[in-house]
Amino acid sequence: MKYAIYLSISLLLFIGCKNDTSRSPAAESVQAETPTSNTENFGIVIHGGAGTILKKNMSDELEAQYKQKLEEAIRTGYAILEKGGSSLDAIEKTINIMENSPLFNAGKGAVFTNEGKNELDASIMDGNTLNAGAVAGVTTVKNPINLARAVMEKSEHVMFAREGAESFAKEQNIELVDPSYFYTESRMKSLERAKEREQIELDHDDKSAFYDPSIKDSKFGTVGCVALDKNGNLAAGTSTGGMTNKKWGRVGDSPIIGAGTYANNNTCAVSSTGWGEYFIRGMVAYDISAMMEYKNSSLQEASSEVIQKKLVELGGTGGIIAIDHQGNVAMEFNTAGMYRASMNNDGELYIGIYKE
């Protein structure tokens, strides 16, 4: 009996030793070297509007101001992505920088309506969930992109407009300002010139672009951002002051999901800038994603066909920025220029203004 007990104890000790060997440092080292998915592939792209932007009409000082603000904006979002932050956070904070600058037709630099008001639109979309939020015609929201995100995350709806949107902003403690905050002298002069010519002045239309005292035959426009974060999630956002001298509560493409903004983790994220009516008719942002999904086009192929062919055939002008789920970037436009910038996971910075 004692001999049987002795054999059992010996056998248990032997098995225990074998198990300890399986957890040896050598075994742990092999396990740690097992390949993992690439989580370092990320990137961000921004735009500040497309239109008749010519080098010959741009002063060195103003060009430097644009480049500085574009770099500040994109580095803000890039820092968030580099630290492992979400694409949505990067989008929101990046657009805030441009919304707070009078250089762009969004937020502080918004153009005036026929009634002398500033009516702002914005939208944002999460490529992971396909959830989206948008606002249109707000007049007291300092940063419309923040309200658009609140609509997406704090409500069951996609778009709020005018007084209703501002009531929701108050409930969500979104920063509100007096409408006078958006007043800039250059935008008011643009409205006065537009009224004198008795025509609607399209912020992105070459044939009726407003003339700034310091940049002849040019225009400022919508701002937007697209990003891919380290978790593989895409997001897109767009913000605008719309069209100078617009009437009747006109709303363009910027707050329209699928036209001005679209994001889908399976394909790409897109933000548009241009003659809004045509971007709505062509559902430009979604069309690029659809071509990738159903036609198996690359991001660049889809962007080029939509902007250089389909949009032109409709009669529209403008451009897009986009990034796909692999980090490939597109910055396509059919105008003389587009304020734009990009940064990839290697930290390489590109800033462009004119057609190259």
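Reading guide: rules and limits
Residues numbered from 1 in each chain as written. Predicted model: local features only at pLDDT ≥ 70, side-chain atom pairs only at ≥ 80, totals over all residues. Heavy atoms only, no water. Pairing = 2+ DSSP bridges. Helix = DSSP H or I, 4+ residues; strand = E, 2+ residues; numbered from the N terminus. Axes fitted to C-alpha atoms, helices over the stretch in contact; angles between N-to-C directions. UniProt positions renumbered as here; feature names shortened; annotations may be inferred. Buried < 20%, exposed > 50% of the residue type's maximum accessible area, 1.4 Å probe, protein only.

The next subject is the sheet that holds strand S3 (residues 132-138). With respect to topology, 8 strands assemble into an open sheet ordered S4-S3-S2-S6-S5-S1-S11-S12, the strand pairing being mixed. Across the chains shown, the open sheet's two edge strands, defined by having one partner strand only, are strand S4 (159-161) and strand S12 (349-354). The sheet shows a mean angle of 5 degrees between the axes of neighbouring strands, direction not considered. The pairing of strand S1 (residues 43-51) with strand S11 (residues 337-344) spans 7 bridges and is classified as antiparallel. The partner of Gly 43 across the bridge, within S11, is Asn 344.

Summarizing the sequence annotation, UniProt attributes the feature "active site" (unreviewed entry) to Thr 222 in the numbering used throughout. For Thr 222, the position within the fold is in the loop between helix H7 (185-196) and strand S5 (223-228).

Next up on the list: the pairing of strand S8 (residues 268-274). With 7 of 7 residues buried, S8 is to be regarded as a mostly interior element. Burial along S8 is two-sided: Cys 268, Val 270, Ser 272 and Gly 274 and Ala 269, Ser 271 and Thr 273, pointing in opposite directions, are all buried. Pairing geometry for strand S7 (residues 261-263) and S8, over 3 bridges, is antiparallel. From the neighbouring strand, Thr 261 faces S8, where its bridge partner is Ser 271. Between S7 and S8, which pair antiparallel one after the other, the connecting turn spans 4 residues. Pairing of S8 with strand S9 (residues 318-324) involves 7 bridges; the strand directions are antiparallel. Following the sheet pairing, Thr 273 is matched in S9 by Gly 319.

Extensive coverage of S1 is indicated by the burial of 9 of its 9 residues. As paired elements, S1 and S5 share 5 bridges and run antiparallel to each other. Looking at the pairing, Ile 44 lines up with Ala 227 of S5.

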